[in-house]
Amino acid sequence: MTLYPKLITDVLTTVTYPGTKKNIVESGMVADDIRIDGMKVRITLQFPRETDPFLKSTVKSVEAAIHYKISKEVEVEILTEFASKPRPEVGKLLPDVKNIVAVSSGKGGVGKSTVAVNLAIALSKLGYSVGLLDADIFGPSIPKMFHEEEARPYAVRVDGRDLIEPVGKYGIKVLSLGFFVNAETATLWRGAMASNALKQLIADANWGELDYLILDTPPGTSDIHLTLLQTLAITGAVIVSTPQSVALADARKGIDMYLNEKVDVPILGLVENMAWFTPAELPNNRYYIFGKEGCKQLAQEMGIPLLAQIPLVQGIREGGDEGMPVALRTDTMSGQAFLSFAQAVVTMVNRRNKDKEPTKIVEVKS
């Protein structure tokens, strides 16, 4: 007797799965990997869940059907697989993440990603469990700043779901679209594609328990921001700007986006980046290249805390380019600046959680 796949499949169509009251082939339970080796047959059956009440009886029915309709000499091996649990619905994502902080800027080029990376590392230095999501879909820079351009996250099975395992570096859990695309090629995606990719990095990743999840958002206001606001209940936002008048004008737009009554995400504070230039050979000198205390004045005007003034120091740029962010070195002036900034963020988050109701996910009606 010669066994062949169609013979086996025809027999399997006679086995009914009680859960659907249809045969197991019609129910889509037979994987396309039937293996035949002489009189040995290996079949994979896919069940909805591990606790399926009909699992054992279905397996026995398959064995009995093959022995009855073909031959008792057939040696049958049946493997079982289980469907992944569905993604949790919006509103129930990341239940083990205590605080979600969006780092935003009204325009590009103000050092937002540098601030986000060093904030995440400084929070970790303070003893908090931290994740960092690079939500800048079209210009992901986080892989380079962690010197992990070659990293390729893998899938892990957690509670019946296949999840993306974030890259671990410097005690931070990190995910970026940059891990999945060619760094030398422009990412040409329509808005819906980019939004879906971002949702997957949020909902289908193994973030686990975190005290803080830092979001490095794209510059300006866009579909990506709307996706974040519709997907996650953001604890608060940190706005990054330089003291320059043009940057401050755009920072106002970023603030307005979060404070809009339909959004209502608290502003934790402003960060004045590149506040002044201090050359290494003249550490006590300050040169206000982009203007002086523009963010400080904006903060006072809008009644928003000024969380930090970060100087323009060569070491900060070098640290980002070399994958060794300056917050790793708390014995330096720049490292101390970011540590103080992180402590200010913790203070504002604690105050926000005490004084305000949890943020609600934005519902946008067409």
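Residues numbered from 1 in each chain as written. Predicted model: local features only at pLDDT ≥ 70, side-chain atom pairs only at ≥ 80, totals over all residues. Heavy atoms only, no water.

Let's shift gears to helix α8 (residues 294-302). Every α-helix winds through 3.6 residues per turn, so residues three or four apart in the chain are directed the same way. All of the buried residues along α8 are G294, C295, L298 and A299. Across the axial projection of α8, the buried residues extend over an arc of 135°, all falling on one side. Seen from the buried face of α8, the exposed residues on the opposite side, beyond 90 degrees, are Q300 and E301. Elements that come into contact with the buried residues of α8 comprise β13 (236-241), α7 (245-259), β14 (267-277) and β15 (306-312). (Buried < 20%, exposed > 50% of the residue type's maximum accessible area, 1.4 Å probe, protein only. Helix = DSSP H or I, 4+ residues; strand = E, 2+ residues; numbered from the N terminus. Arc of directions from axis to C-beta. Contact = heavy atoms within 4.5 Å.)

With that out of the way, let us pick up the pairing of strand β4 (residues 40-47). As paired strands, strand β3 (residues 35-37) and β4 are joined by three bridges and run antiparallel to one another. Bridging across to β4, I36 finds its partner in V41. Where β3 folds back onto β4 in an antiparallel hairpin, the turn is made up of two residues, including G38, whose phi is positive at roughly 65°. In this sheet, strand β5 (residues 75-82) lies alongside β4 in parallel orientation, the contact comprising eight bridges. Bridge pairing links F47 to F82 in β5. Remark: the β4/helix α2 (residues 55-69)/β5 crossover connection has right-handed handedness. (Pairing = 2+ DSSP bridges. Right-handed = clockwise from strand over helix to strand, strands pointing away.)

Turning our eyes to something else, we now look at the packing of α7 against α8. Each pair of packed helices gets described by two things: the angle between the helix axes and the distance between those axes. Here α7 crosses α8 at 40°, and the two axes come no closer than 11 Å. Classified by chirality, the crossing of α8 by α7 is right-handed. Counted together, L248, A251, R252 and I255 of α7 and G294, C295, L298, E301 and M302 of α8 form the full contact between these two elements. Broken down by class, the residue content of the contact of α7 with α8 amounts to six nonpolar, one polar and two charged. (Axes fitted to C-alpha atoms, helices over the stretch in contact; angles between N-to-C directions. Left-handed = near helix turned anticlockwise from the far one by under 90°. Nonpolar A, V, L, I, M, F, W, Y, C, P; charged D, E, K, R; others polar.)

This brings us to the pattern of salt bridges. Once the charged atoms of two side chains with opposite charge are near each other, the side chains can pair. In the structure shown here, the tally under the stated rule is nine salt bridges. With its nearest N and O atoms 3.0 Å apart, the salt bridge here joins K6 to D10. Linking K6 with D10, this pair stays in helix α1 (residues 5-12), spanning four residues, or about one helical turn. Where D216 meets K112, a salt bridge forms, and the shortest distance between an N and an O atom there is 2.7 Å. With a gap of 104 residues between them, D216 in strand β12 (residues 210-216) and K112 in helix α3 (residues 112-125) connect regions that are remote in the sequence. Classification of D216 as buried rests on a relative accessible area of 0%. (Salt bridge = Lys/Arg side-chain N within 4 Å of Asp/Glu carboxyl O.)

Before going further, it helps to examine the confidence of the model for the chain. Taken over all residues, the pLDDT of the chain has a mean of 87, while the share at 70 or more is 96%. Confidence scores differ between elements of the chain, with helix α9 (residues 314-322) showing the lowest mean pLDDT of 77 and β12 the highest of 96. (pLDDT = per-residue confidence, 0-100.)

Read across the sheet, three strands follow the order β3-β4-β5 without closing on themselves; strand pairing throughout is mixed. Each edge of the open sheet carries a strand with a single partner, namely β3 and β5. Averaged over all adjacent pairs, the angle separating strand axes in this sheet is 20°, with direction ignored. Here α2 sits on the sheet and contacts β4 and β5; the angle it forms with β5, its principal contact strand, is near 150°.

Attention shifts here to unusual backbone geometry. The backbone of H147 shows a phi angle near 55°, a positive value even though the residue is not glycine. Residues other than glycine seldom take positive phi values, yet E293 does so here, at roughly 55°. Mapped onto the secondary structure, E293 falls in the loop between β14 and α8. On the accessibility criterion, E293 (27% relative accessible area) is partly exposed.

Below, the discussion takes up the environment of F180. Assignment of secondary structure puts F180 in the loop between β11 (172-176) and α5 (191-203). Here the alpha-carbon distance between F180 and E165, two residues 15 residues apart in the chain, equals 13 Å. Discounting chain neighbours no more than four positions away, the residues touching F180 are P153, I164, L175 and L201.

Moving on: the nonpolar core. Of all hydrophobic cores here, the largest spans 88 residues; its most connected members are I214 and F341. Among residues more than four places away in sequence, those in contact with I214 are V101, V103, A116, L119, A120, L123, V130, G131, L132 and L133. Residues L3, Y17, I24 and F47 belong to the second largest nonpolar core, which totals 22 residues. (Core = buried A, V, L, I, M, F, W, Y, C linked by side-chain atoms within 4.5 Å.)

Right, let's get into the environment of P358. With respect to the secondary-structure elements, P358 resides in the segment after α10 (333-355). On the basis of relative accessible area, P358 is assigned to the exposed category, the value being 64%. Taking the C-alpha atoms as reference, P358 lies 7.1 Å from T235; in sequence the two are 123 residues apart.

With respect to the secondary-structure elements, S71 resides in the loop between α2 and β5. Side-chain polar atoms of S71 contact the backbone nitrogen of E73, separated by 2.9 Å. Each residue touching S71, except ones within four places of it in the same chain, is listed here: M1, M39 and I66. (Polar contact = N/O pair within 3.5 Å; in protein donor to acceptor, adjacent residues only side chain to side chain.)

Attention now moves to the pairing of β15. Note: β14 against β15, five bridges, orientation parallel. Residue pairing across strands places L270 opposite L306, the latter belonging to β15. What joins β14 to β15 is α8, and the crossover it makes is right-handed.

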